[in-house]
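Observations on the three-dimensional arrangement
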Amino acid sequence: MEAIVHKTSRQEVGGSPQPQSTPESPDPTPPQPTSCGVEPLGNCRSTRDLWRGKTDFLLSVIGYAVDLGNVWRFPYICYQNGGGAFLVPYLVMAVFGGVPLFYMELALGQYHRSGCISIWTHICPVFKGIGYAICVVALYTAFYYNTIMAWALHYLLSSFHPTLPWTTCDNPWNTPRCVPSSPDATNHTWGNTSTSPAEEYYLRHVLQVHQSPGLHHLGSVSWRLALCLLLIFTVVFFSIRSGIRTSGKVVWVTATLPYLVLFVMLIRGLTLPGAWSGVLYYLKPDWTKILNTKVWVDAGAQILFSLGPGFGVLMALASYNDFHNNCYRDALVGSWVNCLTSFLSGFVIFTVLGYMAELRQQDIESVARDTGPSLLFITYTEALSTMPAAPFFSFIFFLMIIALGLDSTFAGLEGVVTAVVDEFPGVLLRRREWFVLGLVCFCYFGALTTVTYGGAYVVKLFEEFATGPAIVTIVFLEVVAVSWFYGVSRFCGNVQMMLGSSPGLFWRTCWMVFSPCFLLFIIISFLAVAPEPKLFDYRYPSWTTGLGYATALSSFVCVPAYMIFYMLSTSGTFKQRWLKSITPPQLTIDAEDTPMTQL
């Protein structure tokens, strides 16, 4: 840390930095919490909540960053892109792209004490549309992300059966191709056309995709999944209705429980036959793939979506911090805990894949063909069903999946709530709970299309188009606006006022050069090859590509639309309006009036 952070001023007393006070200089009064950003004293500063403890904030950040993608996406991408060799581009992209963006968003939120909409009034007013675009993307995410938790809740409730329903082939939804995977099923031979009980349970009982021909006819709403989804959103509402006062308590369970379960599952997985062959397959390096551009694109996209800058959440969570909180340390802790969790999840997944390969007498590549949620709901679930005490392991596994998802949903919707309430405090500040209720209800009804018989096709479409390209473009505009319009020197001055230390040359270079190039590289790669989504045996028709791009543009269009609105609604000549649109208002905080802290 000493090597990359330049110390400009610090005062140590007994190992702890202390504010300076002299007879000529009275005790400094640091900026106080406010719902309207960094404002002069006496202007609504006392209306913003603060985290009750540092641990509440850190658990919320880690809970947001560590989500379902750490469990299913990273292990699959890692083995697909060279195993252990993939860690090289992954770490490079993390150091020069992901972590600097993570740090930037925490610092912006903490300094300006604003959500992702109103914060642009203090940075670069013409880019305020970025905040609205972020909120639209967050809503799209809520439409499909919570449905995956509804699937997990369905499995969790089914785990109370003494015999798990996805272990046998004599259920109404099974087909003649069903072959039990139990080690005791010696009378059955696994073939290329065979399907497991877990696969048929997932496809034909939970999702019921066989009743929908595709996106053009989604079919009826599954009442079981609709009720599970309602229960998920009910938990979300009661967890975020009072803001960080309630969510800060809930994350003590939802953010720590997954680690306990991961370690339990890892220990159990390592004791299974064939587990170590799975680990070797996961980590065996293929150094030739490092020269492949796609590997670097996958590494960049994975670290970006894993850490989660650009969703407005990090700004929102940091805006409730004490002004002099060490957000630099928080950024390092949060980002590296996230990366290590992804790496740990790979061991948890691949020990079980190695076990399944030995059980079926197949190679691991054949067993690991499932990607995304199917890796959890088919392959891993099938493996759990063959273990002793299968209902117990199934219960804790799906409890972990729900906890991982809830953390991210709490933070994602809190980002929207904070952004909108900060933008319209006069209307919503005292009606926050009603606004949260309305938002949760809107998200629930918006998500009902994802619990139809063809709902899984909608989930895949949202995942491919609604969040990926749009959020990368939004983050690119964000870092350009902060580094090149607001100015990296001004931003580093803000950090110095909070921490007493100015970010060093490494961070300045990342924000000005490396991070924008990192994001532009991903954007160009996305645009160069149009996605061709495929789910199970269903290939999406060509018209869905246009629908997907239209969905992505529906969020991004907020950026140019607000720019046009701002320029038309501002008085003066075009040059005067342009200069006003890119110039932040003068802030009232003086660096000499704030206490110093040490990074």
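Residues numbered from 1 in each chain as written. Predicted model: local features only at pLDDT ≥ 70, side-chain atom pairs only at ≥ 80, totals over all residues. Heavy atoms only, no water.

**A closer look at the overall build of the chain**
Using the following cut-off: A run of H or I in DSSP becomes a helix once it reaches four residues, and a run of E becomes a strand once it reaches two; helices and strands are each numbered from the N terminus. With a 1.4 Å probe rolled over the protein chains alone, any residue whose accessible area is under 20% of its type maximum counts as buried; one over 50% counts as exposed, and the rest are partly exposed. Any pair of residues with heavy atoms lying within 4.5 Å of one another is described as a contacting pair. With residues, only the protein chains shown are counted as cover, and all accessible areas are computed by Shrake-Rupley using a 1.4 Å probe.
Looking only at helices and strands, the chain features 23 helices and six strands. Residues counted as buried form 60% of the 599 residues belonging to the chain. Long-range pairs, those at least 24 residues apart, make up 81% of the contacts in the chain between residues at least 6 apart in sequence. Here the chain has roughly 24,100 Å² of accessible surface; of this, 64% comes from carbon and sulfur atoms.

**Quick look at the packing of helix α9 (residues 257–270) against helix α13 (residues 327–360)**
The line we're drawing: To get an axis, a line is fitted to the C-alpha atoms, and for a helix only the part in contact is used. The angle between two axes follows their N-to-C directions and goes from 0 to 180 degrees. Here a crossing is called left-handed whenever its near helix is offset anticlockwise from the far helix by less than a right angle, and right-handed whenever the offset is clockwise. The residue classification treats Ala, Val, Leu, Ile, Met, Phe, Trp, Tyr, Cys and Pro as nonpolar and Asp, Glu, Lys and Arg as charged. All others, Gly included, are polar.
Packing of α9 against α13 leaves a shortest axis separation of 8 Å and a crossing angle of 35°. With respect to the hand of their crossing, α9 and α13 are arranged in left-handed fashion. On α13, the residues touching Tyr259, Leu262, Phe263, Met265, Leu266, Gly269 and Leu270 of α9 are Val337, Thr341, Leu344, Ser345, Phe347, Val348 and Thr351. Among the residues making up the contact of α9 with α13, the classes are represented as 10 nonpolar, four polar and no charged.

**A closer look at the pattern of salt bridges**
The cut-off we apply is this: Every case where a carboxyl oxygen of Asp or Glu lies within 4 Å of a side-chain nitrogen of Lys or Arg is listed as a salt bridge.
This structure, assessed with the given rule, holds nine salt bridges. With its nearest N and O atoms 2.8 Å apart, the salt bridge here joins Asp298 to Lys294. Of this pair, Asp298 and Lys294 both sit in helix α11 (residues 293–307), separated by four residues, roughly a single helical turn. Among the residues examined, Asp298 registers a relative accessible area of 16% and is labelled buried. Measuring nitrogen to oxygen at the nearest pair gives 2.8 Å for the salt bridge that ties Arg432 to Glu414. In this pair, Arg432 is assigned in helix α18 (residues 432–447) and Glu414 in helix α16 (residues 390–423), connecting sequence segments 18 residues apart. Judged by its relative accessible area of 2%, Glu414 is buried.

**What about the confidence of the model for the chain?**
Put simply, the test is: A residue's pLDDT is the confidence the predictor assigns to it, expressed on a 0 to 100 scale.
Per-residue confidence for the chain gives a mean pLDDT of 84; residues scoring 70 or more make up 87%. Within the model, pLDDT remains below 50 along residues 1–46, and this stretch shows 94 contacts once partners closer than five positions in the same chain are excluded. Across residues 587–599, confidence stays below pLDDT 50; counting only partners more than four residues off in sequence or on other chains, it has 47 contacts.

**Concerning the packing of aromatic side chains**
The condition is simple: Here a Phe, Tyr or Trp ring, Trp counted by its six-membered ring, pairs with any other such ring whose centre lies within 6.5 Å, and the pair is stacked when the planes are under 30 degrees apart, edge-to-face when over 60, and tilted otherwise. Geometrically, a lysine NZ or arginine CZ counts as sitting over a ring once it is within 6 Å of the ring centre and also within 35 degrees of the ring normal.
Counted by the stated rule, this structure contains 52 aromatic pairs. Ring plane angle 45° and centroid distance 5.6 Å describe the contact between Tyr111 and Phe323, whose orientation is recorded as tilted. Note that Tyr111 is positioned in helix α3 (residues 87–112) and Phe323 in the loop between α12 (313–318) and α13, a separation of 212 residues in sequence. By relative accessible area, which is 1% here, Phe323 ends up buried. The structure contains a cluster of three or more aromatic residues connected by ring pairs, namely Trp151, Tyr155, Trp166, Trp173, Tyr201, Tyr202, Phe377, Tyr380, Phe397, Phe398 and Phe536. The aromatic ring of Tyr320 is capped on one face by Arg48, whose charged end is 4.5 Å from the ring centroid. When the ring centre of Tyr486 is taken as origin, the NZ or CZ atom of Arg490, which lies over that ring, is 5.3 Å away.

**Observations regarding a nonpolar patch on the surface**
Rules: Patch construction takes residues with relative accessible area above 30% that form no salt bridge. Like charges are linked within 9 Å, and nonpolar side chains (Val, Leu, Ile, Met, Phe, Trp, Tyr) are linked within 5 Å.
Residues Val88, Val92, Phe96, Trp287, Val513 and Phe514 make up a contiguous nonpolar surface patch of roughly 500 Å² in combined accessible area. Here the element with the most residues in the nonpolar patch is α3; it accounts for three residues. Mapped onto the elements of the fold, Val513 is located in helix α20 (residues 505–528). On the basis of relative accessibility, which here comes to 38%, the residue Val513 falls in the partly exposed class.

**Let's talk about the environment of Thr167**
Just so we agree on the cut-off: In protein, a polar contact requires one atom able to donate a hydrogen and another able to accept it; more generally it is a pair of N or O atoms within 3.5 Å, and residues adjacent in sequence count only if both atoms are side-chain atoms.
Within the secondary structure layout, Thr167 lies in the loop between α5 (129–158) and α6 (197–207). For the pair formed by Thr167 and Thr386, sequence separation is 219 residues and the distance between their alpha carbons is 7.9 Å. Residues within four places of Thr167 in sequence aside, it is in contact with Pro180, Pro197 and Ser385. Only 2.6 Å separates the side chain of Thr167 from the backbone oxygen of Leu164, close enough to count as a polar contact.

**Digging into the nonpolar core**
To keep things clear, this is the line we draw: As used here, the term nonpolar core means buried Ala, Val, Leu, Ile, Met, Phe, Trp, Tyr and Cys residues forming a set that is joined through side-chain atoms within 4.5 Å.
Counting residues in hydrophobic clusters, the biggest one holds 186 residues, and the most contacted among them are Tyr103, Trp120, Trp151, Phe377, Phe491 and Leu519. Sort the elements by how many residues they give to this core and helix α19 (residues 455–499) lands first, with 27 residues. Sequence-distant contacts of Tyr103, that is, excluding residues within four places in its chain, are made with Cys327, Tyr328, Ala331, Val495, Leu499, Pro503, Trp507 and Trp511.

**Points about the packing of α19 against helix α21 (residues 543–556)**
Look at α19 against α21: their axes get within 8 Å of each other, and the N-to-C directions meet at 35°. Where α19 crosses over α21, the two elements pack in a sense that is right-handed. Across the interface between the two elements, Leu461, Phe462, Phe465, Ala466, Ala470, Thr473 and Leu477 from α19 touch Thr544, Thr545, Leu547, Gly548, Tyr549, Thr551, Ala552, Ser555 and Phe556 from α21. Considered class by class, the residues forming the contact of α19 with α21 number 10 nonpolar, six polar and no charged.

**Overview of helix α7 (residues 223–240)**
Our working rule: Multiplying 1.5 Å by the residue count of a helix minus one yields the expected span of that helix.
In this model, α7 (18 residues) spans 26 Å end to end at C-alpha, consistent with the 26 Å of a helix rising 1.5 Å per residue. Residues Leu225, Ala226, Cys228, Leu229, Ile232, Phe233, Val236, Phe237, Ser239 and Ile240 constitute the buried set of α7. For α7, the secondary structure elements touched by its buried residues are α5, α6, α8 (244–254), α16 and α18.

**Let's talk about the state of the cysteines**
Note the cut-off: Working definition: a disulfide is two cysteine sulfur atoms within 2.5 Å of each other.
What the rule picks out here adds up to one disulfide. Across the disulfide from Cys169 sits Cys178; the S-S distance is 2.0 Å. What sets the handedness of the Cys169 and Cys178 disulfide is the S-S torsion sign, and at about -70° it is left-handed. Classification of Cys169 by relative accessible area gives partly exposed; the value is 25%.

**A word on unusual backbone geometry**
Most peptide bonds take the trans form, and the phi angle of most residues other than glycine is negative. Unusually for a residue other than glycine, Gln208 sits at a positive phi of about 60°. One can find Gln208 in the loop between α6 and α7. Non-glycine residue Phe536 carries a positive phi angle of around 55°. Residue Phe536 is classed as partly exposed on the basis of its relative accessible area, which comes to 21%.

**Quick look at the environment of Ala447**
Examined against the element boundaries, Ala447 turns out to sit in helix α18. In the structure, Ala447 is positioned 304 residues away from Phe143 in sequence and 4.3 Å away in space, judged by C-alpha atoms. Once residues lying within four places of it in the same chain are set aside, the contact partners of Ala447 are Phe143, Thr147, Leu229 and Phe233.

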